[in-house]
Amino acid sequence: MPQPSRLPVLATVVLTAVLYTMVTGDRPLDIHIERPQFLGLHALIEVLSAVVCITVGITAWQVVDERDRGTRRWLGSAFVLVGLLDVLHLLSYAGMPDLGAPSSTHKAIVLWLLARAVPAVALLVWATPWWPQALRAERAGGPAAALGLASVVVLAATAMLVPQAFPATFQAGEGLTPFKLWLEAGLVLAYLTAYVLARVRLARLPADVQADEAPVKDALLLMALSEGFFVLYGNGVTDMANLLGHVYKVVAYGLLFHGLFLNQIRRPFVRLANAHSALERRTAEYRELFELAPLGVLRVDEHGRVQMANRALEHMFGYAHEQLVGQPVGMLMPARSRRLHMRLRRTPGASSPTRRIRLGKGMHGVRADGQVIDLEVSLSSQATAAGERLTAYVADVSYRRQHARALQHRSTHDPLTGLPNRWLLGERLADATTIAGREGGQVGVLLLDLDSFHLVNDSHGTVAGDAMLRELARRVGGCLRAGDTLARLGGDEFVVVAHGLHERGEVEAVARKIQSVLAGGMAIGGASWPLVVSVGMAVFPHDGTQADALLQAAEQALASSKRQGRGQVTLYDARLGEAQKREGRLRSRLQRALQHQALGLHYQPQVDTATGHILGFEALLRWNDPELGPVSPAEFVPVAERCGLVHAMGQRVLEAACQQQRSWRDQGLCTRVSINLSPLQFRQPDLARQIAQALQAAALPADALAVEVTESAMMDDPAAAAEQLQRLVALGIEAHLDDFGTGHSSLAWLKSFPISTIKIDRTFVRDMMNDASDDAIVRAVIGLAHTMDRAVVAEGVELAAQRERLLSLGCGLCQGWLFSAAVPPDQAAALLRAGRIEPPAAALVAAAGTVRS
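Residues numbered from 1 in each chain as written. Predicted model: local features only at pLDDT ≥ 70, side-chain atom pairs only at ≥ 80, totals over all residues. Heavy atoms only, no water.

**Examining the confidence of the model for the chain**
Consideration 1: Per-residue confidence for the chain gives a mean pLDDT of 80, with 81% of residues at or over 70.
Consideration 2: Mean pLDDT values over the elements of the chain span from 50, in helix α1 (residues 9-24), up to 95, in strand β23 (residues 813-815).
Consideration 3: Across residues 1-7, confidence stays below pLDDT 50; counting only partners more than four residues off in sequence or on other chains, it has 14 contacts.
Consideration 4: Within the model, pLDDT remains below 50 along residues 348-353, and this stretch shows 10 contacts once partners closer than five positions in the same chain are excluded. (pLDDT = per-residue confidence, 0-100. Helix = DSSP H or I, 4+ residues; strand = E, 2+ residues; numbered from the N terminus. Contact = heavy atoms within 4.5 Å.)

Okay, structure coming up:
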């Protein structure tokens with residue numbers, strides 16, 4: 001290999017000495033360049049320097065040298081960064097447009113110093129001969145180099161945006177500061193040190209490497225001399241020293257590029273040329289590429305027999321090399337692919353010199369063990385005197401296609417149960433309605449909702465809840481016909497699409513069958529939990545002809561089922577649509593009423609049965625809407641619970657009742673007011689804190705308030721209800737059990753609940769004079785309350801005879817229209833001032849159109 005020309009060290013030193021004398025002697029040779037010309041010349045030199053630096057860096061990344069790859073990669077990155085810093089230095093020079101902070105001499109000098117320091121440090125590290133070889137590997141030293149380069153980027157960004165963060169490098173009227181000059185001197189020392197170390201390092205390398213990298217040593221000397229001229233530039237010598245420093249720098253970078261990288265690019269080819277003849281080299285390379293190719297490569301002769309197969313193909317199909325060579329290629333194909341192979345071999349054009357065919361999806365191969373694998377194949381044919389030879393490039397894409405199929409399944413199925421999701425349900429329902437419409441059949445859509453599912457999650461955690469959902473999916477899926485679809489919409493909602501119905505009523509039989517297979521419940525946490533579903537049903541084409549319309553109809557039917565209680569089945573009816581519209585309007589108006597505080601409280605007195613003395617009030621919510629008129633709580637409270645407004649409504653009732661109590665007490669009227677808690681409100685974890693805050697805000701004692709909770713709300717989760725009641729009683733608030741007898745109380749739980757009062761539901765009081773069963777229930781409840789040392793209140797007392805009967809049974813408190821309807825706050829205050837109520841002798845006090853609660 002011819003030796004590259006190098007700059008002799010002696011000639012360099014002599015030339016530099018002459019130039020030094022010329023610019024620093026008694027009669028220094030200096031030039032003066034006007035500002036515009038200087039900026040142009042400076043820009044030209046800096047651009048040239050940046051181009052050389054970036055070329056050095058890019059070339060370094062393209063060099064493949066297994067012995068020093070890591071070092072050259074980070075060294076190349078450093079020189080790319082130097083090139084960029086030179087560009088920023090150019091753009092920041094005084095007189096250039098502002099980029100970031102205003103352009104200034106100080107800003108340009110800071111970027112200049114960074115651009116000089118980076119190659120000095122990088123080349124000093126490169127020249128050090130004592131680094132272990134491991135640190136020069138491809139991945140070694142990467143984090144440290146990345147950290148160093150990132151630090152320079154941060155410093156450069158700081159210089160561009162906040163140059164004043166660095167010590168002053170230039171003083172107007174005084175020139176460069178000592179800080180700048182000492183840094184330049186330090187760089188001279190760094191380059192000289194690198195020069196000495198490079199000589200030591202090169203002496204340890206092979207002769208061909210020394211010849212390649214010798215110019216780098218000369219470049220280090222030139223860079224040291226370049227920095228020396230920049231030091232002179234700060235000591236009074238101006239444009240000449242500056243120009244010489246830049247020229248030396250560019251020449252040094254050129255030598256560095258030539259010695260460090262261009263020779264490196266040529267070195268591998270020279271080693272191959274010296275080691276092998278041209279034919280041997282090509283053969284070895286091709287054989288290596290053939291054997292190490294990641295794709296399977298197979299060559300087939302004109303008779304369809306395997307000539308060559310590489311290691312990847314042998315591993316792909318599970319055959320040894322000797323088992324493949326000479327065998328028919330059809331042994332690697334299923335029957336269908338064999339036919340395709342023969343057809344391709346007979347395709348016109350086989351006699352052309354070369355042709356390429358790409359076979360994509362649907363290709364399969366057969367391994368030695370009989371396993372069928374997915375393939376992608378590209379064929380290249382070559383015509384010979386004996387016939388056509390085929391070369392196949394084969395990729396095993398089994399995993400990729402399995403992954404694609406798995407992704408497709410996940411996008412169309414529920415991950416928990418494996419059932420079709422909402423999207424796939426829509427597709428299948430659309431297909432089912434299309435077929436039914438063409439054949440004149442019917443399709444049933446059943447929307448299932450698992451009742452009390454939240455209790456399982458709350459009591460046993462989401463793992464138990466997930467197990468319940470999977471069990472429901474298993475049982476329901478097992479009872480459906482082969483053509484039916486079971487899908488999960490999310491949460492505890494499932495949809496069944498029943499095909500081939502002949503009559504609309506058949507869908508109800510499907511619903512009852514589903515409920516029957518779930519009737520046994522399942523064991524969770526050592527206890528048996530019921531699997532009870534509410535069902536809403538719609539039928540194509542009676543209730544809708546589109547999938548969305550059918551699902552909406554089923555949702556409306558399900559809402560009706562849930563309003564009726566647990567485990568109900570409802571088939572869509574047009575009246576449900578009207579009820580849905582009514583509920584939507586109620587929801588909108590109710591939200592507006594809450595925002596404008598249009599809901600008010602009326603107060604119904606609770607009196608001593610014998611004397612008529614007022615012992616407290618029950619606060620009852622009233623709503624008289626400008627558009628809807630008076631709306632019963634029995635209608636709007638369930639709507640509030642379903643749409644999430646019940647918490648805001650309950651908070652409004654709590655605050656209004658406490659404020660009214662405060663107003664009455666300021667008038668000298670003391671009593672106790674009880675408020676009703678909805679089941680959702682009663683389950684709030686911070687309920688006790690909310691009540692305590694409301695009492696504190698109104699400056700009320702705890703005994704001024706009582707809470708009424710329905711029997712069904714307590715029995716949804718008796719243990720949690722007992723804990724909640726304990727927290728309320730701990731505040732000093734009385735707890736009343738409302739609507740007793742309408743739920744399914746356990747006497748054991750009733751005993752553990754810290755309630756002070758039991759309220760007999762109005763349905764028993766209403767008919768007690770005419771129905772012996774109701775009279776017996778009232779008598780039993782009063783006796784139970786006395787036995788448990790609880791107070792008892794009879795609701796809905798409207799007849800004097802009812803009062804007399806209750807008094808004879810020992811019921812101490814009554815509440816009802818016989819004494820007073822629920823009245824506004826001012827009328828309630830008047831009743832408080834009177835102290836007692838004398839009930840009229842009339843049999844029933846009622847007013848047409850008045851809301852009772």
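**Topic: the sheet that holds strand β10 (residues 493-501)**
Consideration 1: With mixed pairing, 5 strands are arranged side by side in an open sheet as β9-β10-β8-β13-β14. Pairing within the sheet leaves two strands with one partner each, and these edge strands are β9 (485-490) and β14 (569-571). Each adjacent strand pair in this sheet contributes to an overall mean axis angle of 20°, direction not counted.
Consideration 2: Note: strand β13 (residues 533-540) against β14, 3 bridges, orientation parallel. Opposite M537, over in β14, you have L571 as the bridge partner.
Consideration 3: Where helix α14 (residues 422-439) meets the sheet, it contacts β8 (442-450), β9, β10 and β13, and its direction lies at approximately 155° from that of β8. (Pairing = 2+ DSSP bridges. Axes fitted to C-alpha atoms, helices over the stretch in contact; angles between N-to-C directions.)

**Thoughts on the packing of helix α16 (residues 462-479) against helix α17 (residues 506-518)**
Consideration 1: Here α16 crosses α17 at 135°, and the two axes come no closer than 9 Å. For the element pair α16 / α17, the angle class is oblique. As for the relative orientation of α16 and α17, their crossing is right-handed in sense. Of the residues in α17, those in contact with L472, R475, V476 and C479 of α16 are K513, I514, V517 and L518. (Parallel < 35°, antiparallel > 145°, perpendicular 65-115°, else oblique. Left-handed = near helix turned anticlockwise from the far one by under 90°.)

**Focus: the side chain of Q661**
Consideration 1: One can find Q661 in helix α21 (residues 646-666).
Consideration 2: Given the relative accessible area of 1%, Q661 is considered buried.
Consideration 3: Those residues in contact with Q661 that lie beyond four places of it in its chain are T671, R672, V673, L700 and A704. (Buried < 20%, exposed > 50% of the residue type's maximum accessible area, 1.4 Å probe, protein only.)

**Description of a nonpolar patch on the surface**
Consideration 1: Together, V87, L91 and L99 make up a nonpolar patch on the protein surface, roughly 200 Å² of accessible area in all.
Consideration 2: Residue position: L91 is located in helix α3 (residues 69-92). (Patch = residues over 30% accessible without salt bridge, like charges linked within 9 Å, V, L, I, M, F, W, Y side chains within 5 Å. Areas by Shrake-Rupley, 256 points an atom, 1.4 Å probe, with all protein chains shown as cover. Salt bridge = Lys/Arg side-chain N within 4 Å of Asp/Glu carboxyl O.)

**Digging into the environment of Q164**
Consideration 1: Along the chain, the position of Q164 falls in the loop between α5 (142-161) and β1 (170-171).
Consideration 2: Considering only alpha carbons, one finds Q164 and V110, 54 residues apart in sequence, at a separation of 9.7 Å.

**Observations concerning helix α25 (residues 718-730)**
Think of an α-helix as 3.6 residues a turn; residues three or four steps apart then line up on the same face.
Consideration 1: Look at α25: 18 Å from first C-alpha to last across 13 residues, which is about the 18 Å you get at 1.5 Å a residue.
Consideration 2: Listed as buried for α25 are P718, A721, A722, Q724, L725 and L728. Projected down its long axis, α25 carries its buried residues within an arc of 165°, all on one side.
Consideration 3: Backbone geometry just after α25 places G732 at a positive phi near 100°. (Expected span 1.5 Å × (residues − 1). Arc of directions from axis to C-beta.)

**Remarks on the nonpolar core**
Consideration 1: Core analysis: the largest hydrophobic core is formed by 83 residues, its most contacted members being W623, W664, I675, I691, I755 and L806.
Consideration 2: When residues of this core are assigned to their parent elements, the largest contribution, 8 residues, is made by α21.
Consideration 3: If we ignore the near neighbours within four places in the chain, the residues touching W623 are L586, R589, L590, A593, A598, L599, L628, G629, P630, V631 and F636. (Core = buried A, V, L, I, M, F, W, Y, C linked by side-chain atoms within 4.5 Å.)

**Section: the packing of aromatic side chains**
Consideration 1: Tallied over the entire structure, the rule returns 3 aromatic pairs.
Consideration 2: A ring pair is formed by F617 and W664, whose centres lie 5.7 Å apart and whose planes are at 45°; its orientation type is tilted. With F617 in strand β16 (residues 614-625) and W664 in helix α21, the pair connects residues that are 47 residues apart, well separated along the chain.
Consideration 3: With relative accessibility at 0%, the residue F617 sits in the buried group.
Consideration 4: Where W623 meets F636, the ring centres are 5.5 Å apart and the plane angle is 90°; that geometry is what we call edge-to-face. In this pair, W623 sits in strand β16 while F636 sits in helix α20 (residues 633-643), placing the two residues 13 residues apart along the sequence.
Consideration 5: For F636, a relative accessible area of 0% corresponds to the buried category.
Consideration 6: The structure contains a cluster of three or more aromatic residues connected by ring pairs, namely Y603, F617 and W664. (Phe/Tyr/Trp six-rings, centres within 6.5 Å; stacked < 30°, edge-to-face > 60°.)

**As for unusual backbone geometry**
Consideration 1: For the bond from F540 to P541, the omega torsion is 5°, close enough to zero to count as cis.
Consideration 2: Along the chain, P541 turns up in the loop between β13 and α18 (547-564).
Consideration 3: Despite not being glycine, A699 has its phi angle at roughly 55°, a positive value.
Consideration 4: By secondary structure assignment, the location of A699 is in the loop between α23 (687-697) and β19 (705-710).
Consideration 5: Judged by its relative accessible area of 53%, A699 falls in the exposed class.
Consideration 6: In this structure, D789 is a non-glycine residue whose phi angle is positive, near 60°.
Consideration 7: You can see D789 is positioned in the loop between α28 (772-787) and β22 (791-795).

**Let's talk about the pattern of salt bridges**
Consideration 1: Within the structure shown, the criterion is met by 23 salt bridges.
Consideration 2: We note a salt bridge from R116 to D86, for which the minimum N-O separation is 3.4 Å. Placement of the pair is R116 in helix α4 (residues 105-127) and D86 in helix α3, with a sequence separation of 30 residues.
Consideration 3: The exposure class assigned to R116 is buried, which follows from its relative accessible area of 1%.
Consideration 4: Residue classification places D86 among the buried residues on the basis of a relative accessible area of 0%.

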